[in-house]
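Here are the chains, one letter per residue:
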Amino acid sequence: MKNFMDDKDFLLSTAAGEKLFHDYAQDMPIVDYHCHISPQEIWENKSFKSITEVWLGGDHYKWRLMRANGVDERYITGDADDREKFQKWAETLGRCVGNPVFEWSHLELKRFFGYEGVLNGKTAQEVWDLANAKLATPEFSCRELIRRSNVRMICTTDDPADSFEWHQKIAADDTFDVKVVPAMRPDAALRIERGQEFADYMKKLSGVAELPVTNYAELKAAIAKRYDFVATLGCVASDHALDYVMYVPATEAEVEVIFQKGLVAEPLTDHEVLQYKTAFMQFLASEYVRLGWAMQLHFGCKRDNNKPMFAKLGPDTGYDCISNYTPADQLADFLGSIQEKSGLPKTILYSLNPSDNWMIDTVMACFQEAPVAGKMQNGSAWWFNDNETGMRDQMTALANEGVLGNFVGMLTDSRSFLSYPRHEYFRRVLCGLLGEWVEAGKYPADFELLGEIVKDISYNNAVRYFNMPLEQA
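The notes below deal with the structure included here. All values derive from a computational prediction rather than experimental measurement.

As for helix α18 (residues 388-401)
- Spanning 14 residues, α18 covers 20 Å between terminal C-alpha atoms, matching the ideal 20 Å at 1.5 Å per step.
- Here α18 has its buried residues at G390, M391, R392, Q394, M395, A397 and L398.
- The inward-facing, buried residues of α18 abut α17 (357-365), β9 (376-378) and α19 (421-439).

Observations concerning the layout of surface pockets
- Considered as a void within the structure, the largest pocket measures approximately 1,400 Å³ in volume.
- Ranked by residue count, the leading element in the lining of the largest pocket is helix α14 (residues 270-291), at four residues.
- A class-by-class count of the residues in the lining of the largest pocket yields 18 nonpolar, ten polar and 22 charged.
- In this model, the second largest pocket occupies a volume close to 340 Å³.

Focus on the sheet that holds strand β2 (residues 151-155)
- Spatial ordering of the open sheet is given by β1-β2-β3, a layout of three strands whose pairing is parallel. The open sheet terminates on both sides in strands that have one partner only, identified here as β1 (30-32) and β3 (179-181). Put simply, the sheet's adjacent strands are angled 10° from each other on average, direction ignored.
- Note: β1 against β2, three bridges, orientation parallel. Residue pairing across strands places I30 opposite V151, the latter belonging to β2.

Some words on the packing of helix α4 (residues 60-68) against helix α5 (residues 82-93)
- In contact at an axis separation of 9 Å, α4 and α5 are set at 75° when each is read in the N-to-C sense. When the interaxial angle is binned, α4 and α5 end up roughly perpendicular. Residue-level contacts link K62, L65 and M66 of α4 to K85, K88, W89 and T92 of α5.
- A breakdown of the residues in the contact of α4 with α5 according to their chemical character gives three nonpolar, one polar and three charged.

Here we look at empty space enclosed by the protein
- Scanning the entire structure with this criterion turns up four cavities of 30 Å³ or more.
- Here the largest cavity defines a volume of roughly 100 Å³.
- Those elements giving two or more residues to the lining of the largest cavity turn out to be β8 (346-351), α17 and α18.
- Tallied by class, the residues present in the lining of the largest cavity amount to six nonpolar, eight polar and one charged.

Some points on the packing of aromatic side chains
- The full count for this structure, using the stated rule, is 25 aromatic pairs.
- Note on Y288 and W293: the rings are 6.1 Å apart at their centroids and 25° apart in plane angle, and the pair reads as stacked. The pair formed by Y288 and W293 is uniform in burial state, with each residue classed as buried.
- An aromatic cluster is defined as three or more aromatic residues linked by ring pairs; in this entry it consists of F198, Y216, F259, Y276, F280 and F283.
- Here the basic side chain of R74 rests over the ring of Y75, its NZ or CZ set 5.2 Å away from the ring centre.

Considerations on the pairing of β8
- Among the six residues in β8, six count as buried, and that is most of the element.
- Residues K346, I348 and Y350 point to one face of β8 and T347, L349 and S351 to the other, with burial holding for every one of them.
- Here strand β5 (residues 294-299) pairs with β8 via six bridges, running parallel. Each bridged residue has a counterpart across the sheet, and for L297 the counterpart in β8 is L349.
- With three bridges joining them, β8 and β9 adopt parallel strand pairing. Bridged to I348 within β9 is Q377.
- Each parallel crossover has a hand, and for β8 linked through α17 to β9 it is right-handed.

Reading the values: the criteria
- Residues numbered from 1 in each chain as written.
- Predicted model: local features only at pLDDT ≥ 70, side-chain atom pairs only at ≥ 80, totals over all residues.
- Heavy atoms only, no water.
- Helix = DSSP H or I, 4+ residues; strand = E, 2+ residues; numbered from the N terminus.
- Expected span 1.5 Å × (residues − 1).
- Buried < 20%, exposed > 50% of the residue type's maximum accessible area, 1.4 Å probe, protein only.
- Contact = heavy atoms within 4.5 Å.
- 1 Å grid on protein atoms, 1.4 Å probe; cavity = no way out; pocket = protein on both sides within 12 Å on 5 of 7 lines; lining within 4 Å.
- Points joined across faces, edges and corners; volume = space filled by probe spheres on them.
- Nonpolar A, V, L, I, M, F, W, Y, C, P; charged D, E, K, R; others polar.
- Pairing = 2+ DSSP bridges.
- Axes fitted to C-alpha atoms, helices over the stretch in contact; angles between N-to-C directions.
- Parallel < 35°, antiparallel > 145°, perpendicular 65-115°, else oblique.
- Phe/Tyr/Trp six-rings, centres within 6.5 Å; stacked < 30°, edge-to-face > 60°.
- Lys NZ or Arg CZ within 6 Å of the ring centre and 35° of its normal.
- Right-handed = clockwise from strand over helix to strand, strands pointing away.

What follows is the structure, encoded as structure tokens:
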């Protein structure tokens, strides 16, 4: 029997896997090319008043588990004090056998706080005391947490109409050597179905870009101007949250009519919405080609399903699920249309539906091309798939249908400064999988070559893929 989360053997079942992790993966730096942490908090070097704030605030992974354990909402997003909320979380976590959040949580407790025990209702007080005592020290500010995690570069998630003042201040601060750059998420300009919200956003974008936005051509000009600005701040990527990748083509004249309706919040048909979104995404893709950015497409999610709770708490509060409507035909046609119009940018596809892995791998293979190795990527197992099973399935499908050695690897996709041990978790899964293939005789025990592959997937491939101003490791 192995010890619980043994530092040497956790997720590693073979000698080959252990060698790959400890000799090649373990000490590699981190590039977090997609996350949701706050650049303002990095600039301010925020400190946290309690482990509840840094661990439970905004973490809908944990909120979902607490609800599933019958915990009253008062102890989740309500007005209970931090100690009460932490107690309810500890009691919940103790029952989460087999859940990856159980493993992530204990990995974070070990790596950041040196806690070697097991968090549950009985041990909540000792963990509370230990963690809060350390969080009260300067070594546990958010900048120090980033440094201690060996992070070299962070790409935050930002709207084109944001001010980017925090990114500018961080870049001018010589005391912090981790690069923090924006990544564009222009979802507000895409969601024309949201009526007045869309119309109001167009006014905001117009003001920030200092350009009129009274027609579709002017919208594209405003977006291009903002993109040129964030390029000066080091932006290397975009990200888009889509229900699915649509392809409903339209003429420029049709798109203009639809956009004019959107400007005055006039109701649109579903067909018109999809026509606008297709055209706008095609334009954005051409911008990414022009700027040399990577395009990330997240899809396969059905959001905000609990309407009363959505009305109370808003989005990203734990009420989303996997969608099984991810049409391969439209994805392939959309990518094909961009290839015809402007050529495809580097593209990473993430589906929340794990059954889409093989589909994605076969679609993207149709559009791979020189000079970029792995120009089209099946993104790291995402959200509900961000666990050992999901990671193994994603990498196994990619290995079967493509070139696993070109995979750009892990990202946190997190709002927490304690999430970086997820990279260790991923690297252990990667090395465990490769080690099993070696032990089974499916790949030679050439550790020089395998070690290079592990180091590349852990760090180097992402640095190369995104053209990051970082040295290889």
